[in-house]
Amino acid sequence: MKKKQQKQEFVAETSEMNYNNNNNNECSGQDQQKRYVWPWVGLVANVPTEVEPSGRRVGKSGSTLRDEFTLKGFNPTRVKPIWNTKGHTGFALVEFAKDFKGFESAMQFEKSFDLDRHGKRDWKKGHRLRDDKLYGWLAREDDYNRSDTVGKNVKKKRDLKSISQIVEEDQRKLYHLFENMCQTIEKNKQRKQQLEQKVDETLESLEFHNLMLNNSYQEEIQKMEKNMQEFYQQVLGGHEKSFAELEAKREKLDERARLIEQRAIKNEEEMEKTRLEREMIQKAMCEQNEANEEAMKLAEKHQKEKEKLHKRIMEMEAKLNETQELELEIEKLKGTTNVMKHMVGCDGDKDIVEKIAKTQIELDARETALHEKMMTLARKERATNDEYQDARKEMIKVWKANEELMKQEKIRVKIMGELNPAPFLPAVMNKHKAMMLCSVWAAEIGDVQWTPFRVDESDGTPKRVVDENDEKLRMLKNQYGEEVYSEVVRAKLEMEEHNASGSYETEELWNYEENRKATMEEITDVMLKIRSKLAAMKNKRQRPWGDNYEEL
């Protein structure tokens with residue numbers, strides 16, 4: 001009931017405001033019941049005409065009359081001459097806007113002719129009292145009901161309506177508009193509640209998914225360690241078995257050598273053969289031992305690398321946990337100190353004073369430890385980031401050295417902060433001037449003293465936005481247009497985001513399909529793809545790419 005009352009009040013107030021603002025000076029209470037031709041249209045009579053050699057009568061065009069009336073301030077939307085079988089009738093329809101502003105223009109149109117004594121009454125006095133000027137008036141019921149060509153043209157797509165009927169129709173339309181807006185707002189509220197509920201459900205699902213991933217990771221690590229231990233046991237068992245077999249053969253050969261030595265005089269050739277076989281077996285045993293040692297070294301190296309990586313992860317997690325625990329302990333100690341200070345202020349107990357001093361010493365020590373741990377974590381993070389940046393730089397060198405191979409890939413080298421000269425040419429219509437203008441603004445972009453951005457925190461998150469009061473950008477936009485302005489803003493923002501000093505352009509591997517910085521995973525995928533392509537081509541012919549293949 002309350003919502004319905006609000007709708008009625010809104011429609012009544014809006015309609016009353018429109019009516020009073022647009023029709024207060026033109027319509028009396030009696031005029032509101034008069035019926036006008038709607039949409040508003042005026043009639044112009046006595047339009048000058050002449051007869052062509054063909055016998056057809058012609059006159060001024062509608063656009064010419066419209067321009068004349070527009071200069072007088074009547075604001076017609078269209079002027080349409082009325083024609084019949086003989087040609088121009090000397091009449092024209094002057095159409096106005098459908099709203100009350102159009103009605104106001106139509107009334108001014110009629111008053112202007114009335115004041116000049118060229119209105120409807122003057123036209124009806126007859127041919128003898130007319131001159132060569134135009135006569136004009138606002139079409140009403142009698143014009144609508146005319147049976148001649150003028151009346152037929154007035155009737156086309158028009159009705160007779162009073163002011164009160166038009167106001168009532170506007171009120172009805174406003175009422176439906178307001179009702180539709182209320183329904184739309186209610187639907188949006190319901191949709192917002194549904195989306196909030198879905199977000200809450202999604203967050204709970206993500207937490208559970210992260211827990212399951214962590215458990216799965218731990219199980220996989222344990223399974224890998226168990227498999228590696230079983231593999232090492234199998235390798236060692238096989239080596240021991242082979243060594244035992246070789247040792248048994250060596251013992252047999254030693255026994256045989258002893259027997260041969262007893263018969264050395266009788267069979268020296270057999271003894272020499274046995275000696276050679278013995279040396280070959282000993283050599284095979286040495287090679288087997290070396291292979292065993294190499295396998296063990298490889299296994300130990302793999303195990304150490306895995307343990308080193310796992311240890312580094314555990315250290316980082318442990319230090320992070322220690323840092324969080326230290327922060328919690330420091331907050332607790334600060335709270336305890338504040339409570340004790342309050343107690344001292346109340347009774348001045350000596351024991352409490354000593355406890356405060358000890359607590360303060362412990363608090364200072366914890367804060368020092370926390371600072372050292374934070375510095376250590378920061379150093380490790382910087383070292384990791386340096387390694388990451390060095391790797392990207394090496395990748396950029398490879399990309400530039402193999403530019404022909406990479407030009408068809410989605411990952412290519414991009415110069416951050418470089419201006420695109422394309423928008424400058426349409427702005428100055430001269431290629432040489434466009435390149436000079438582009439060079440001038442490239443120098444401006446490299447100027448570290450020029451900072452046309454400000455930090456906006458209106459939505460609670462600080463972000464960099466264009467300073468609308470920057471004089472250089474305002475002059476650029478006014479003189480050369482929106483496209484050149486947008487390109488300069490993009491290049492300046494790009495340079496400051498990817499180069500802290502902002503004084504020179506930097507190179508970056510860029511994903512042109514998604515218009516963002518490429519990840520190391522994407523870069524590696526492209527490298528493997530190109531390498532596979534080169535390997536396939538190498539099988540067909542010998543080294544078609546020269547040194548490019550080796551570098552990749």
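From a predicted model like this one, the values you see are computed outputs, not experimental measurements. (Residues numbered from 1 in each chain as written. Predicted model: local features only at pLDDT ≥ 70, side-chain atom pairs only at ≥ 80, totals over all residues. Heavy atoms only, no water.)

J.: Any details on the overall build of the chain? Residues and values, ideally.
T.: For the chain, the count of helices and strands is 16 helices and 13 strands. Put simply, the chain has 552 residues, and 28% of those count as buried. Surface exposure of the chain reaches about 38700 Å², of which carbon and sulfur atoms provide 51%. (Helix = DSSP H or I, 4+ residues; strand = E, 2+ residues; numbered from the N terminus. Buried < 20%, exposed > 50% of the residue type's maximum accessible area, 1.4 Å probe, protein only. Areas by Shrake-Rupley, 256 points an atom, 1.4 Å probe, with all protein chains shown as cover.)

J.: Just give me the short version of the confidence of the model for the chain, but keep the residues and values in it.
T.: Residues of the chain with pLDDT of at least 70 account for 74%, and the chain-wide mean is 76. Segment residues 298–303 is flagged for pLDDT under 50; beyond a separation of four residues in sequence, or across chains, it makes four contacts in the model. Counting contacts from residues 543–552, a segment whose pLDDT is below 50, to residues more than four positions away or on other chains yields 26 contacts. (pLDDT = per-residue confidence, 0-100. Contact = heavy atoms within 4.5 Å.)

J.: So what's going on with the side chain of Asp254? Which residues, and what values?
T.: For Asp254, the location among the structural elements is in helix α7 (residues 163–262). There is a polar contact of 3.1 Å between the side chain of Asp254 and the side chain of Arg278. (Polar contact = N/O pair within 3.5 Å; in protein donor to acceptor, adjacent residues only side chain to side chain.)

J.: Talk me through helix α3 (residues 100–115); I want residue IDs and the actual numbers.
T.: Each turn of an α-helix holds 3.6 residues, which means side chains three or four residues apart point in the same direction. The first and last C-alpha atoms of α3 sit 22 Å apart over 16 residues, in line with the 22 Å expected at 1.5 Å per residue. Two residues or fewer past α3, Arg117 is found with a positive phi of approximately 60 degrees. (Expected span 1.5 Å × (residues − 1).)

J.: Quick one: what's the story with the nonpolar core, residue by residue and with numbers?
T.: Ranked by size, the top nonpolar core spans 23 residues in total, and within it Trp40, Val44, Phe69, Phe103 and Phe109 carry the most contacts. For this core, the leading source of residues is α3, giving six residues. Look past the residues within four positions of Trp40 in its chain and what remains in contact with it is Val94, Glu95, Phe96, Ala97, Lys98, Asp99, Gly102, Phe103, Ala106, Ile163 and Ile166. Of all hydrophobic cores here, the second largest spans 17 residues; its members include Ile445, Phe453, Val489 and Ala491. (Core = buried A, V, L, I, M, F, W, Y, C linked by side-chain atoms within 4.5 Å.)

J.: Can you break down a nonpolar patch on the surface residue by residue, with the values?
T.: The grouping of Val199, Leu203 and Leu206 at the surface amounts to a nonpolar patch, some 260 Å² of accessible area in total. Along the polypeptide, Val199 turns up in helix α7. (Patch = residues over 30% accessible without salt bridge, like charges linked within 9 Å, V, L, I, M, F, W, Y side chains within 5 Å. Salt bridge = Lys/Arg side-chain N within 4 Å of Asp/Glu carboxyl O.)

J.: Give a description of the packing of helix α12 (residues 431–445) against helix α14 (residues 482–498) that names residues and reports values.
T.: What describes two packed helices is the angle between their axes and the distance between those same axes. Relative orientation of the contacting elements α12 and α14 amounts to 35 degrees, with a least axis distance of 10 Å. For the pair α12 and α14, the crossing hand works out as right-handed. Residues Trp441, Glu444 and Ile445 of α12 pack against Val488, Ala491, Lys492 and Met495 of α14. Considering only residue class, the contact of α12 with α14 consists of five nonpolar, no polar and two charged. (Axes fitted to C-alpha atoms, helices over the stretch in contact; angles between N-to-C directions. Left-handed = near helix turned anticlockwise from the far one by under 90°. Nonpolar A, V, L, I, M, F, W, Y, C, P; charged D, E, K, R; others polar.)

J.: Tell me about the sheet that holds strand β13 (residues 516–517), residues and numbers included.
T.: On the basis of which strands lie adjacent, the open sheet formed by three strands has the order β9-β12-β13 and antiparallel pairing. Edge strands, defined here as strands with exactly one partner in the open sheet, are β9 (411–416) and β13. Each of β9 and β12 (506–511) touches α14; the most contacted strand, β9, lies at about 100 degrees to it. (Pairing = 2+ DSSP bridges.)

J.: Got a sec to walk through the pattern of salt bridges? Specific residues and values, please.
T.: Once the charged atoms of two side chains with opposite charge are near each other, the side chains can pair. Counting across every chain of the model gives 25 salt bridges. We note a salt bridge from Asp143 to Lys120, for which the minimum N-O separation is 3.0 Å. Residue Asp143 is located in helix α5 (residues 141–144), and its partner Lys120 is located in helix α4 (residues 120–124); the two are separated by 23 residues in the primary sequence. Residue class for Asp143 comes out buried when judged on its relative accessible area of 2%. The buried category is assigned to Lys120, whose relative accessible area is 14%. Close ionic contact of Lys517 with Glu508 constitutes a salt bridge, the shortest N to O distance being 3.9 Å. Of the residues examined, Lys517 reaches a relative accessible area of 31% and is grouped as partly exposed. Among the charged side chains, a network of salt bridges with common partners joins Lys120, Lys124, Asp142 and Asp143.

J.: Residue-level account of the packing of aromatic side chains, with values.
T.: Throughout the structure, instances matching the rule amount to twelve aromatic pairs. Arranged with centres 6.3 Å apart and planes meeting at 75 degrees, the rings of Tyr36 and Trp40 form a pair that is edge-to-face. With respect to burial, Tyr36 and Trp40 carry one shared label: buried. Consider the rings of Trp441 and Trp450, whose centres lie 5.9 Å apart with planes at 55 degrees: the pair is tilted. A residue is classified by how much of its surface remains accessible, and Trp450, at 5% relative accessible area, is buried. Aromatic ring contacts, followed pair by pair, group Phe69, Phe74, Phe96, Phe109 and Phe113 into a single cluster. (Phe/Tyr/Trp six-rings, centres within 6.5 Å; stacked < 30°, edge-to-face > 60°.)

J.: I'd like to hear about the environment of Lys492, residue by residue, with values.
T.: Along the chain, the position of Lys492 falls in helix α14. Between the C-alpha atoms of Lys492 and Trp441, which are 51 residues apart in sequence, the distance is 9.8 Å. In terms of polar contacts, Lys492 uses its side chain to reach the backbone carbonyl oxygen of Asp447, at 3.2 Å.

J.: Help me get a handle on the packing of helix α13 (residues 471–480) against α14, residues and values and all.
T.: In the contact formed by α13 and α14, the axes pass within 7 Å of each other and the chain directions differ by 145 degrees. On the side of α13, the interface is formed by Leu473, Leu476, Lys477 and Tyr480, while α14 contributes Glu482, Val484, Tyr485, Val488 and Val489.

J.: Tell me about unusual backbone geometry, and name the residues and values.
T.: In this chain, Trp38 is followed by Pro39 through a cis amide linkage whose omega measures 0 degrees. For Pro39, the position within the fold is in the loop between β1 (35–38) and β2 (41–45). One non-glycine residue, Asn75, lies in the positive phi region at around 55 degrees. Tracing the backbone through its elements, the reader meets Asn75 in the loop between α2 (62–71) and β5 (78–84). Of note in the backbone geometry, Arg117 takes a positive phi value of approximately 60 degrees without being a glycine.

J.: Please provide a residue-by-residue account of the side chain of Glu494, values included.
T.: Relative to the helices and strands, Glu494 is located in helix α14. For Glu494, a relative accessible area of 8% puts it in the buried group. At 2.9 Å, the side chain of Glu494 forms a polar contact with the side chain of Lys414. Beyond its immediate chain neighbours, meaning those up to four positions away, Glu494 contacts Lys414, Ile415, Met416, Gly417 and Glu418.

J.: Kindly report on a negative patch on the surface, identifying the contributing residues and their values.
T.: Taken together, the side chains of Glu196, Asp200, Glu201, Glu204 and Glu207 define an acidic patch exposed on the protein surface. Turning to its location among the elements, Glu204 is positioned in helix α7. (Lys, Arg positive; Asp, Glu negative; His and termini not counted. Charge placed at Lys NZ, Arg CZ, Asp CG, Glu CD.)

J.: Would you mind going over the pairing of strand β6 (residues 87–95) in detail, with residue names and values included?
T.: Of all nine residues in β6, eight are buried; the element is thus mostly enclosed. Once β5 ends, the chain turns through two residues before running back antiparallel as β6.

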